[in-house]
Number of protein chains: 2
Amino acid sequence: MNQVSKTPAPPYYAVIFTSVRMPSVDGYAVMAQRMAKLSSQQEGFLGMEHADNDDVSITICYWDTTDAIAKWKQNVEHRAAQAGGYEKWYKSFTVRICKVERDNTFER
Amino acid sequence: MNQVSKTPAPPYYAVIFTSVRMPSVDGYAVMAQRMAKLSSQQEGFLGMEHADNDDVSITICYWDTTDAIAKWKQNVEHRAAQAGGYEKWYKSFTVRICKVERDNTFER
C-alpha cells in the first residue's frame, strides 16, 4: 500500500471508510489484506491510503468514477466482507463517497 | 477528538490531509494539538477524524461549506503552522478538498 497515493488531476472520487473495530476478532487482518489487494485490481482504482490507531481506523480508496465505486461495492468477495463487517468486524463505521474537487501535493 | 465524526446529511465537505512526517521534529505534537483545537472552534467545522501509524498520518476535517474551508486556510495561526509544514514538519503530504455526496453509518 502506498503511503500518500499519487492520484491524477481532479476531479476523481474518494471513499472514506472510518471504523471502530470489535475487540480481537479472528480473521480480520487476512480479510482486510485480501480486500486491499482485490480493490487495487479493480478497473478505475487510483490508490489507497490507510492508518489506524488502537481506537480508530481510516481507509481511503480513490477511484476515477462513481461507476467504478458501484462496481467494487457489488464485487462478490467484497460483498461477503461487507456482510462480515455488519455481522462481526465493526463496532461502528461511516462510509463517505466524495468527489475530490481540488488537491495539492508537497514533496521535499 | 471524535473517533468517527457524526456529520449532518450530505452534501458537506471533507479536507483529507495525508502526510509523512520528518523524523523527530520537536514541537510537532504541540502544534498538531493546537491546530486540532483551533479548527474545531471555527465556524462551519463539523468534525475531525485522525489516525496515524509510524509511516503515514491521515487527518480528515469536515466542514459545511467551501467558504468555511477557505477561511480556516487563512487563519493566522493556521498559516504559521502551514509554513512550518513546508519548512520542517513534513517529508511529503497531499491535501484533498472533497464534496461528500453520500454517506452511510453503522452502529452496533
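Since the structure is predicted, the reported quantities are computational estimates derived from the model, not experimental observations.

**Some details on the interface of chain B and chain A**
If you look at the interface, chain B gives 46 residues, while chain A gives 46 residues. Summed over both sides, the interface of chain B with chain A buries roughly 3900 Å², with 52% coming from carbon and sulfur. Considering only the side of chain B, the residues that lose the most area to chain A are Arg96(B), Phe106(B) and Arg108(B), jointly responsible for 18% of the buried surface there. For the pair chain B and chain A, the number of links is two salt bridges. In this structure, Glu49(A) engages Arg96(B) in a salt bridge whose closest nitrogen and oxygen atoms are separated by 3.1 Å. Connecting chain B to chain A are 37 residue pairs in polar contact (both at pLDDT 80 or more). Among the elements of the structure, β1 (12–21), β2 (45–52), β3 (57–63), α3 (76–89) and β4 (90–107) of chain B are those that each provide at least two residues to the side of chain B that touches chain A. Considering every element that reaches the side of chain B that touches chain A, the biggest residue donor is β4(B), with 18 residues. Residues that form the side of chain B that touches chain A fall into these classes: 21 nonpolar, twelve polar and 13 charged.

**Concerning the sheet that holds β4(B)**
Ordered by their spatial adjacency, eight strands build an open sheet running β2(A)-β3(A)-β1(A)-β4(A)-β4(B)-β1(B)-β3(B)-β2(B), and the pairing between neighbours is antiparallel. Both edges of this open sheet fall to β2 (45–52) of chain A together with β2 of chain B, since each of them pairs with a single strand only. Averaged over all adjacent pairs, the angle separating strand axes in this sheet is 25 degrees, with direction ignored. Bridging between strand β1 (residues 12–21) of chain A and strand β4 (residues 90–107) of chain A involves ten bridges; their strand directions are antiparallel. Note on β4(A): the bridge partner recorded for Ala14(A) is Cys98(A). Contacts from helix α1 (residues 28–40) of chain B reach β1, β2, β3 and β4 of chain B, with the element oriented near 155 degrees to β2(B).

**Overview of the pairing of β4(B)**
Note: β4(A) against β4(B), 15 bridges, orientation antiparallel. Its bridge partner lying in β4(B), Glu107(A) is registered against Ser92(B).

**Some points on helix α1 (residues 28–40) of chain A**
For an α-helix, the turn length of 3.6 residues means that residues three or four places apart are oriented alike. Residue and element names in this part refer to chain A. The end-to-end C-alpha distance of α1, which contains 13 residues, comes to 18 Å, matching closely the 18 Å that a straight helix rising 1.5 Å per residue would cover. Taken as a whole, α1 has its buried residues at Tyr28, Met31, Met35, Ala36, Leu38 and Ser39. Where α1 is buried, its residues meet β1, β2, β3 (57–63), α2 (66–74), α3 (76–89) and β4.

So, how was this worked out
- Residues numbered from 1 in each chain as written.
- Chains lettered and ligands numbered in written order.
- Predicted model: local features only at pLDDT ≥ 70, side-chain atom pairs only at ≥ 80, totals over all residues.
- Heavy atoms only, no water.
- Contact = heavy atoms within 4.5 Å.
- Buried area = accessible area lost by both parts, 1.4 Å probe.
- Salt bridge = Lys/Arg side-chain N within 4 Å of Asp/Glu carboxyl O.
- Polar contact = N/O pair within 3.5 Å; in protein donor to acceptor, adjacent residues only side chain to side chain.
- Helix = DSSP H or I, 4+ residues; strand = E, 2+ residues; numbered from the N terminus.
- Nonpolar A, V, L, I, M, F, W, Y, C, P; charged D, E, K, R; others polar.
- Pairing = 2+ DSSP bridges.
- Axes fitted to C-alpha atoms, helices over the stretch in contact; angles between N-to-C directions.
- Expected span 1.5 Å × (residues − 1).
- Buried < 20%, exposed > 50% of the residue type's maximum accessible area, 1.4 Å probe, protein only.

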